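Residue-level structural notes
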Amino acid sequence: MIQMIFQSSYQIDRRPFCIRVLTAVLLSTVVCSNAIANDNDPRAREAGVAPGIYQPGPLNAITDVSGVQVGHVSLVEGDDIRTGVTAILPHGDNLYQNKVPAGYAQGNGYGKMMGTTQVIELGELETPVLLTNTLSVPEAAAGTIEWTLAQPGNEQVRSVNAVVGETNDGRINNIRLRAIKPEHAIEAINQAGSGPVEEGSIGAGMGTVNFGWKGGVGTSSRVLPDENGGFTVGVLVQTNYGGELHIMGVPINAEALNTAAARVAQEASPDGSVMIIIATDAALSDRNLERLAKRSFLGLGRTGSAMSNGSGDYALAFSTAESVRRTTARRAMLSRIADWPNGEMTPLFQAAVEATEEAVYNALFKASDVRGVNAERYPQLPVSAALQILRDRRAIE
């Protein structure tokens, strides 16, 4: 589904469709739905690819963590604009006034994730997390700041730490045109909801490439058993990195697919970037959230990434638990804050690894061909052929 972006207000455009289309023409912001093929492939788990020992939540998405919302804006213009914005909100209240604890981790640092120094210093998040393309980070930040300043209760706010991550979609999108504007970031935030999360060639994943195939946005979750706290861990990824794709430990490369697929990817560069956003309802300190974020790179490694010299690999984790929320009252005085013990962190680590791995698979499985500046240079993963290889290797049934 393509979100159609025609306005710069803080509210979702609810005008009649014909009026919205007319406005789009006048603003020269045209979203062409025929630029993307419909993807009918299953999600990884639906096809029998189910890594790990823990079960997913009902949606198998980051929105299984109560309160978390996700919104996409996909921008398609003419023959060469294929980009977008994805927004992740930890909760639906005023985020600036009711901040959440957060932790940040960096794998290879050839990339950008704006706002992380303040997250490292204070251990908290005060805005939605925005994902977009490399050259549009300033615009996404501007939109996040405008949206934050406009929230009731923020009339006296004079400093906002917008957190914006990116990957470079210039292989498919004409990134130098810098098509993303602040209003697209605002719309992504306003579109955010708590239900199922669209995956693949959507939002910030519109123009991404993963292991030489079309990449995208993917998500997954894990629910711990009651004896381990019963917590939920959800992950959302923006995949634009390389290496040699492995699924369930099996190499899925051009050679393996050569006789099973109509098209195969070109030789994949190991370079690229990935953004990993982790949410949990466990009452974790910012220190343990940083530890949780670091574990996501193990899941990334399972998919075939070596976090190469030219890759930007970033992870940010936050907790939605009310007992650790940095409310205005708690920030004004000495407060008692819950803290899940270090000795009980291992199941949460395991959940983050598993959900990251599966989120990457979902991004690949649900991505569809996007005709952009490089035409069909980066085809979607031939899921049926990949599944047959996995069956032949007895990695899945």
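Report on the accompanying structure. (Residues numbered from 1 in each chain as written. Predicted model: local features only at pLDDT ≥ 70, side-chain atom pairs only at ≥ 80, totals over all residues. Heavy atoms only, no water.)

Considerations on the pairing of strand β11 (residues 232–240)
Consecutive residues of a regular strand have side chains that alternate between opposite faces of the sheet. Most of β11 is tucked away: nine of the nine residues are buried. Side chains T232, G234, L236, Q238 and N240 project from β11 onto one buried face, and the interleaved V233, V235, V237 and T239 project onto a second face that is buried too. In this structure, strand β10 (residues 217–223) lies alongside β11, joined through seven bridges in antiparallel fashion. Each residue of the ladder has a partner; that of R222, found in β11, is V233. As defined by bridge partners, β11 adjoins strand β14 (residues 272–280) across eight bridges and the pair is classed as antiparallel. Residue pairing in the sheet places V233 in a bridge with T280 of β14. (Buried < 20%, exposed > 50% of the residue type's maximum accessible area, 1.4 Å probe, protein only. Helix = DSSP H or I, 4+ residues; strand = E, 2+ residues; numbered from the N terminus. Pairing = 2+ DSSP bridges.)

Considering the packing of helix α6 (residues 286–302) against helix α7 (residues 346–366)
Between two packed helices, both the angle of their axes relative to each other and the distance between the axes serve to describe the pair. For the pair α6 and α7, the least separation of the axes is 7 Å and the interaxial angle reads 45°. By the angle class used here, α6 and α7 are oblique. The chirality of how α6 crosses α7 is right-handed. On the side of α6, the interface is formed by R291, L292, R295, S296, L298, G299, L300 and R302, while α7 contributes L348, F349, Q350, A352, V353, T356, E357, V360 and Y361. Of the residues contributing to the contact of α6 with α7, the split by class is nine nonpolar, four polar and four charged. (Axes fitted to C-alpha atoms, helices over the stretch in contact; angles between N-to-C directions. Parallel < 35°, antiparallel > 145°, perpendicular 65-115°, else oblique. Left-handed = near helix turned anticlockwise from the far one by under 90°. Contact = heavy atoms within 4.5 Å. Nonpolar A, V, L, I, M, F, W, Y, C, P; charged D, E, K, R; others polar.)

A few points about the sheet that holds strand β1 (residues 69–77)
Strand order in this open sheet of five strands is β1-β2-β6-β7-β4, and the pairing throughout is mixed. Single-partner strands in this sheet number two, and they are β1 and β4 (113–114). With three bridges connecting them, strand β2 (residues 81–89) and strand β6 (residues 129–133) associate as antiparallel partners. Within the sheet, the bridge partner assigned to I88 lies in β6 and is V129. Together, β4, β6 and β7 (163–167) form the strand contacts of helix α3 (residues 137–149), whose direction differs from that of β6 by roughly 150°. Across the sheet, helix α4 (residues 182–191) touches β1, β2 and β6, and the angle it forms with β1 is around 140°.

Considerations on the side chain of T280
With respect to the helices, strands and loops of the structure, T280 is situated in strand β14. With relative accessibility at 0%, the residue T280 sits in the buried group. Only 2.9 Å separates the side chain of T280 from the backbone oxygen of T232, close enough to count as a polar contact. Here the side chain of T280 touches A282 through a polar contact of 3.1 Å, landing on its backbone nitrogen. Those residues in contact with T280, other than ones at most four positions away along the chain, are V65, F231, T232, V233, L289, L292, F318, S319, T320, A321 and L348. (Polar contact = N/O pair within 3.5 Å; in protein donor to acceptor, adjacent residues only side chain to side chain.)

Comments concerning the nonpolar core
Taken as a class, soluble globular proteins show a tendency for nonpolar side chains to be buried jointly. Within the largest apolar cluster, 51 residues are counted, with the highest numbers of intra-cluster contacts made by V49, I247, I252, L292, L348 and F365. Elements represented by at least two residues in this core include exactly β11, β14, α6, β15 (311–319), α7 and α8 (383–392). Top element by residues in this core is α7. It accounts for ten residues. The contacts of V49, once residues within four sequence positions are left out, are A44, I247, M248, E358, Y361, F365, L387, L390 and I396. Ranked by size, the runner-up nonpolar core spans 26 residues in total, among them A61, M113, V119 and A204. (Core = buried A, V, L, I, M, F, W, Y, C linked by side-chain atoms within 4.5 Å.)

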